[in-house]
Amino acid sequence: MHITAELSLYPLQEDYIPVITRFIERLATAGDLTLVTNAMSTQISGEAEQVFALVREALTASHAQFGKQVLVCKFIPGLLPIRD
């Protein structure tokens with residue numbers, strides 16, 4: 001099954017930009033998924049298991065490095081046309 005996910009990360013600290021930047025950099029390591037980032041969120045589309053695993057790994061690493069944060073996700077079945 002393919003899905004499209006929209007992610008918004010909200011670090012619970014004052015200096016939030018490096019946390020968000022590092023999170024997006026981790027997400028960008030998945031070569032066979034489509035990833036688009038804009039000012040409000042990051043969208044990922046591809047095979048569901050890959051998308052879920054990538055989100056889990058990125059959030060786990062981000063929490064280990066930066067502490068508490070909130071990740072808001074929307075998962076939609078299918079490959080939606082995401083672009084810059």
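Scroll up to find the structure this text is about.
Let's talk about the overall build of the protein
In step 1: Regarding its fold elements, the protein presents two helices and four strands.
In step 2: The order of α-helices and β-strands along the protein, N terminus first, is β-α-β-β-α-β.
In step 3: Once the C-alpha set of the protein is aligned to its principal axes, its extents read approximately 35 × 25 × 20 Å.
In step 4: Counting over 84 residues, the protein shows a buried share of 36%.
In step 5: Sequence separation of 24 or more characterises 71% of the internal contacts of the protein that already satisfy a separation of 6 or more.

Considerations on the sheet that holds strand β1 (residues 2-11)
Within a sheet, adjacent strands bond to each other through the backbone by hydrogen bonds, running parallel or antiparallel.
In step 1: Ordered by their spatial adjacency, four strands build an open sheet running β2-β3-β1-β4, and the pairing between neighbours is antiparallel. Two strands bound the open sheet, and with one partner strand each, they are β2 (34-37) and β4 (69-77). Taking the axes of each pair of neighbouring strands and ignoring which way they run, one obtains an average angle of 20 degrees across the sheet.
In step 2: As paired elements, β1 and β4 share nine bridges and run antiparallel to each other.

As for helix α2 (residues 48-66)
In step 1: With 19 residues, α2 should cover 27 Å at 1.5 Å per step; its first-to-last C-alpha distance of 27 Å lies within 8% of that length.
In step 2: When α2 is considered as a whole, its buried residues turn out to be Ala48, Val51, Ala53, Leu54, Val55, Ala58 and Ser62.
In step 3: Taken together, the buried residues of α2 touch β1, α1 (17-27), β3 (42-47) and β4.
In step 4: Within two residues after α2, glycine 67 carries a phi angle of roughly 90 degrees, on the positive side.

Here's the deal with the pairing of β2
In step 1: Bridging between β2 and β3 involves four bridges; their strand directions are antiparallel. What sits directly across from leucine 35, in β3, is isoleucine 44.
In step 2: In textbook terms, the turn of a hairpin is the stretch between consecutive antiparallel strands, and for β2 and β3 this stretch comprises four residues.

The rules behind each value
Residues numbered from 1 in each chain as written. Predicted model: local features only at pLDDT ≥ 70, side-chain atom pairs only at ≥ 80, totals over all residues. Heavy atoms only, no water. Helix = DSSP H or I, 4+ residues; strand = E, 2+ residues; numbered from the N terminus. Buried < 20%, exposed > 50% of the residue type's maximum accessible area, 1.4 Å probe, protein only. Contact = heavy atoms within 4.5 Å. Pairing = 2+ DSSP bridges. Axes fitted to C-alpha atoms, helices over the stretch in contact; angles between N-to-C directions. Expected span 1.5 Å × (residues − 1).

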